[in-house]
Amino acid sequence: MSESGSGRQGATRDAAGANRVAATLLLWLIVAGLAGLVWLEAQHPFFGLPLTHPVNVVLFSLCAAFGVFYTAFIWFPRRDRTRHRAAAPDRLTDNQAFDDYAAKFGWDYDNGGRYRNLDWDRYASNEHRWRLLPDGTVHDTITIMRRERSTVAAVHFAGREPTEIWSGHITTTADFDRLMEIIAAYAAGQRAEG
């Protein structure tokens, strides 16, 4: 994969960790605010209780327990959530996951280009190029193009003329597998004709 292909995913790799840190900081700001309210209540001249009074100790303890419980909730996912994720088909909505799964089938990130007056990331495969011209250029090639998180098109270029084989959304490995079947059937038909 080219440098630009791996560089565009840099921000998404640590997103989960950064989100957890932000959630933890926000949580402890809320805990500090609640503890501050307990402290302010203790300072009231008429009905404030001393800070060491059992009522205030219990309230401070509840604030701390709230913070510890939700910190554990943020940093240690429950088992049923991870089991549910493992049972679902692998998601391909981030760039690195899509690149890695496409590479298993021989499709490598091949920079970007314009198609339908839009910018697309392109994926090329040597297995899907055929009919060499006398000058050494390839006449027929199939390209997978991807935009945003899940918009994908498979296009057959005969010379410079594009023929769209399929377009839609790919969000899971099962969707990508179906696209591979569609491309294989189309390529077999084209090679039989030519």
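Right above here is the structure, for reference.
Residues numbered from 1 in each chain as written. Predicted model: local features only at pLDDT ≥ 70, side-chain atom pairs only at ≥ 80, totals over all residues. Heavy atoms only, no water.

**A look at the overall build of the protein chain**
Here is step 1 of the chain: In terms of regular secondary structure, the protein chain is built from seven helices and five strands.
Here is step 2 of the chain: Counting all 194 residues of the protein chain, 28% fall into the buried class.
Here is step 3 of the chain: Here the contacts in the protein chain between residues at least 6 apart in sequence split such that 48% fall between residues at least 24 apart. (Helix = DSSP H or I, 4+ residues; strand = E, 2+ residues; numbered from the N terminus. Buried < 20%, exposed > 50% of the residue type's maximum accessible area, 1.4 Å probe, protein only. Contact = heavy atoms within 4.5 Å.)

**Focus on the nonpolar core**
Burial of nonpolar side chains together is a common tendency in soluble globular proteins.
Here is step 1 of the chain: Counting residues in hydrophobic clusters, the biggest one holds 19 residues, and the most contacted among them are Phe-98, Trp-107, Ile-144, Phe-176, Leu-179 and Ile-183.
Here is step 2 of the chain: Residue assignment for this core shows that the elements contributing at least two residues are helix 6 (95-104), strand 2 (118-132), strand 3 (138-147), strand 4 (151-158) and helix 7 (173-193).
Here is step 3 of the chain: Residues contacting Trp-107, with those up to four places away along its chain left out, are Ala-102, Tyr-123, Ala-124, Ser-125, His-128, Ile-142, Thr-143, Ile-144, Met-180 and Ile-183.
Here is step 4 of the chain: In this structure, Tyr-115, Trp-120, Met-145 and Val-155 belong to the second largest nonpolar core, which totals six residues. (Core = buried A, V, L, I, M, F, W, Y, C linked by side-chain atoms within 4.5 Å.)

**Here we look at helix 7**
Here is step 1 of the chain: The first and last C-alpha atoms of helix 7 sit 30 Å apart over 21 residues, in line with the 30 Å expected at 1.5 Å per residue.
Here is step 2 of the chain: If you check which residues of helix 7 are buried, you get Thr-173, Asp-175, Phe-176, Leu-179, Met-180, Ile-183, Ala-187 and Gln-190. Here the buried residues of helix 7 occupy an arc of 140° about the axis, which is enough to place them on one side. Projecting away from the buried face of helix 7 at angles above 90 degrees are the exposed residues Glu-181, Ala-185, Ala-188 and Ala-192. (Expected span 1.5 Å × (residues − 1). Arc of directions from axis to C-beta.)

**As for a nonpolar patch on the surface**
Here is step 1 of the chain: A contiguous nonpolar surface patch, about 1200 Å² in accessible area, is contributed by Leu-26, Leu-29, Ile-30, Leu-34, Leu-37, Trp-39, Leu-40, Leu-51, Phe-66, Phe-69, Tyr-70 and Phe-73.
Here is step 2 of the chain: Elements represented by at least two residues in the nonpolar patch include exactly helix 3 (15-42) and helix 4 (54-75). (Patch = residues over 30% accessible without salt bridge, like charges linked within 9 Å, V, L, I, M, F, W, Y side chains within 5 Å. Areas by Shrake-Rupley, 256 points an atom, 1.4 Å probe, with all protein chains shown as cover. Salt bridge = Lys/Arg side-chain N within 4 Å of Asp/Glu carboxyl O.)

**Focus: the packing of aromatic side chains**
Here is step 1 of the chain: On inspection of all chains with the given rule, the structure shows ten aromatic pairs.
Here is step 2 of the chain: Between the aromatic rings of Tyr-101 and Phe-105, the centroid separation amounts to 5.3 Å while the plane-to-plane angle is 65°, which identifies the pairing as edge-to-face.
Here is step 3 of the chain: For Phe-105, a relative accessible area of 32% gives the class partly exposed.
Here is step 4 of the chain: Pairing Tyr-109 with Tyr-123 gives two aromatic rings, centres 5.6 Å apart and planes at 70°, and the pair type is edge-to-face. With Tyr-109 in strand 1 (residues 108-115) and Tyr-123 in strand 2, this pair connects stretches of sequence that are 14 residues apart.
Here is step 5 of the chain: With a relative accessible area of 11%, Tyr-109 lands in the buried category.
Here is step 6 of the chain: Every member of this aromatic cluster is reached through a ring pair, and the members are Phe-98, Tyr-101, Phe-105, Tyr-109, Tyr-123 and Phe-176.
Here is step 7 of the chain: A cation over an aromatic ring shows up here: Arg-146 above the ring of Phe-98, its NZ or CZ 4.3 Å from the ring centre. (Phe/Tyr/Trp six-rings, centres within 6.5 Å; stacked < 30°, edge-to-face > 60°. Lys NZ or Arg CZ within 6 Å of the ring centre and 35° of its normal.)

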